[in-house]
Amino acid sequence: SFGSRGMPKKQFDGFAVGGHDQGVKPDGEVVLKIVQSGARGRKEIDFLKDAVNHPFLSRFVPKFHGTRTIVDDKSGEKQEWIVMENAIKGLAKPAIADAKIGTRTY
């Protein structure tokens, strides 16, 4: 199904996630998010590593638990996934903001 802006929605533990069709997977206490290709993926990992120890950001960013390599069932290709805290686990009606600041996505 599609959201109000035409973005595909994915049910994520019963909640819709816009724009993350195959790249986000719940796995119990953690969430897996596929590592983007190139520098974007490395920058995201570096940010999550640093943010967990930052005195201000650590309150707003899920805890980083490293990465995991998973073999794709269909292609047999290895894919690297970010492993982070499942911040919505146990919440009845969570509301999550994924804020973008600026005009470029890193």
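What you see is a predicted model; the values in this text were computed from it and never measured.

So, how was this worked out
- Residues numbered from 1 in each chain as written.
- Predicted model: local features only at pLDDT ≥ 70, side-chain atom pairs only at ≥ 80, totals over all residues.
- Heavy atoms only, no water.
- Pairing = 2+ DSSP bridges.
- Helix = DSSP H or I, 4+ residues; strand = E, 2+ residues; numbered from the N terminus.
- Salt bridge = Lys/Arg side-chain N within 4 Å of Asp/Glu carboxyl O.
- Buried < 20%, exposed > 50% of the residue type's maximum accessible area, 1.4 Å probe, protein only.
- Contact = heavy atoms within 4.5 Å.
- Phe/Tyr/Trp six-rings, centres within 6.5 Å; stacked < 30°, edge-to-face > 60°.
- Axes fitted to C-alpha atoms, helices over the stretch in contact; angles between N-to-C directions.
- Core = buried A, V, L, I, M, F, W, Y, C linked by side-chain atoms within 4.5 Å.

> Just checking my understanding: could you explain the pairing of strand β6 (residues 78–85) for this structure?
Each regular strand displays side chains that alternate between the two surfaces of the sheet. In this structure, strand β4 (residues 30–34) lies alongside β6, joined through five bridges in antiparallel fashion. Residue pairing in the sheet places Ile 34 in a bridge with Trp 81 of β6. As paired elements, strand β5 (residues 64–71) and β6 share six bridges and run antiparallel to each other. For Ile 70, the partnering residue across the bridge sits in β6 and is Gln 79.

> Looking at this model, I keep getting lost on the pattern of salt bridges. Mind explaining?
Pairs may arise between side chains of opposite charge once their charged atoms sit close together. This structure, assessed with the given rule, holds three salt bridges. The shortest N-O distance in the salt bridge between Arg 68 and Asp 27 comes to 2.9 Å. Residue Arg 68 is found in strand β5, and its partner Asp 27 is found in strand β3 (residues 24–27); the two are separated by 41 residues along the sequence. Given a relative accessible area of 32%, Arg 68 falls into the partly exposed group. Judged by relative accessible area, which is 36%, Asp 27 ranks as partly exposed.

> Would you mind showing me how to read the environment of Gly 66 here?
Its place among the elements puts Gly 66 in strand β5. Residues in contact with Gly 66, not counting those within four places in the same chain, are Trp 81, Ile 82 and Val 83.

> Mind showing me how you'd approach the packing of aromatic side chains here?
Both the distance between ring centres and the angle between the ring planes are used here to describe each pair of aromatic rings. Counting across every chain of the model gives one aromatic pair. For the ring pair Phe 56 and Phe 60, a centre distance of 5.1 Å and an interplane angle of 50° mean the geometry is tilted.

> Help me understand the side chain of Glu 44, please; the structure alone is not making it clear to me.
Here Glu 44 lies in helix α1 (residues 38–51). Other than its neighbours up to four places away in sequence, Glu 44 contacts Lys 33, Gln 36 and Ile 82.

> Looking at this structure, how should I read the sheet that holds β3?
In a beta sheet, neighbouring strands pair by backbone hydrogen bonds and run either parallel or antiparallel. Strands sit in the order β3-β4-β6-β5 across an open sheet of four strands; the sheet is antiparallel. Looking at which strands have only one partner, the edges of the open sheet turn out to be β3 and β5. Adjacent strand axes in the sheet meet at a mean angle of 30° when their direction is disregarded. Lying on the sheet, α1 is in contact with β4, β5 and β6; it crosses β6 at an angle near 25°.

> Got a minute to help me understand the nonpolar core in this structure?
Within soluble globular proteins, side chains that are nonpolar tend to cluster in buried spots. Judged by nonpolar contacts, Val 24, Val 31, Val 35, Ile 45, Leu 48, Ala 51, Val 61, Phe 64, Ile 82 and Met 84 together constitute the single largest core of 10 residues. Broken down by secondary-structure element, the contributors of at least two residues to this core are α1 and β6. Those residues in contact with Val 61 that sit more than four places away from it in its chain are Phe 47, Leu 48 and Ala 51.

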